[in-house]
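Residues per chain, in single letters:
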Amino acid sequence: MRKTLFSSCPALFPLAALWFACSAFSEVALPIPDPASAQPTTLGRYRISYAAALDPITINRIHAWVVRITDAGGAPVANADIQISGGMPAHDHGLPTAPQATAYLGDGRYLIEGMRFHMGGAWELVLTVRAAQGTDSLSLSLDL
Ligand SMILES: [Cu+2]
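Quick notes on the rules
- Residues numbered from 1 in each chain as written.
- Predicted model: local features only at pLDDT ≥ 70, side-chain atom pairs only at ≥ 80, totals over all residues.
- Core = buried A, V, L, I, M, F, W, Y, C linked by C-beta atoms within 7 Å.
- Buried ≥ 20, exposed ≤ 12 C-beta atoms within 10 Å, placed from the backbone.
- Helix = DSSP H or I, 4+ residues; strand = E, 2+ residues; numbered from the N terminus.
- Pairing = 2+ DSSP bridges.

Caption draft 1: Region of the structure containing the nonpolar core. Within the largest apolar cluster, 20 residues are counted, with the highest numbers of intra-cluster contacts made by Trp65, Val66, Val67, Tyr110 and Ile112. Listing elements by their share of this core, those giving two or more residues are β2 (46–52), β3 (63–71), β6 (100–106), β7 (109–115) and β8 (122–131). Among the elements that line this core, the one with the most residues is β3, at 5 residues.

Caption draft 2: Main features of the sheet that holds strand β1 (residues 39–40). Pairing is antiparallel in the open sheet, where 5 strands are placed in the order β1-β2-β3-β7-β6. The strands lining the two open edges of the sheet, one partner per strand, are β1 and β6. The sheet contact formed by β6 and β7 spans 5 bridges and is antiparallel. Bridge pairing in β7 places Ala101 opposite Ile112.

Caption draft 3: Region of interest: the pairing of β8. Bridging between strand β4 (residues 81–88) and β8 involves 7 bridges; their strand directions are antiparallel. For Ile84, the partnering residue across the bridge sits in β8 and is Leu127. Bridging between β8 and strand β9 (residues 134–143) involves 10 bridges; their strand directions are antiparallel. Counted as the bridge partner of Trp123 is Leu142 from β9.

Caption draft 4: Spotlight on the sheet that holds β8. The strand order β5-β4-β8-β9 describes an open sheet built from 4 strands, whose pairing is antiparallel. Two strands close off the open sheet at either side, each with one partner strand: β5 (93–94) and β9.

Caption draft 5: Examining the environment of Pro89 more closely. Positionally, Pro89 belongs in the loop between β4 and β5. For Pro89, a count of 12 C-beta atoms within 10 Å gives the class exposed. For Pro89 and Trp123, which are 34 residues apart along the polypeptide, the C-alpha to C-alpha distance reads 7.1 Å.

This is the structure:
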């Protein structure tokens, strides 16, 4: 299953192998977003599904996410630039880390590394996608 994720892009394999080696070491599996959970972005240009490597998400543990981006018709979107921002609106602070999209995993899936939430409560996460269809974003509400 994992092998097929990378078969369409051999150039990414060394990076992916490294990530898998690290993830095996830390006993964290690559999460697979459920396409059925995809949500439309604000302007309807994309649909985004996501999965966190921690389930449930634990406070103060740095971890990875995988997000899957498709166009409005459900076709996987490659070559997207993804910016991650957010914070706790009620506390007027941002994220304690600067999560980054670090690898394209194929089939519209991107590895997001560096996620961490440092307290329980209501978080907002904003994923901004810039790709061929234009720029659009999705706000997620997380109650931790
Ligand atoms: Cu807070």
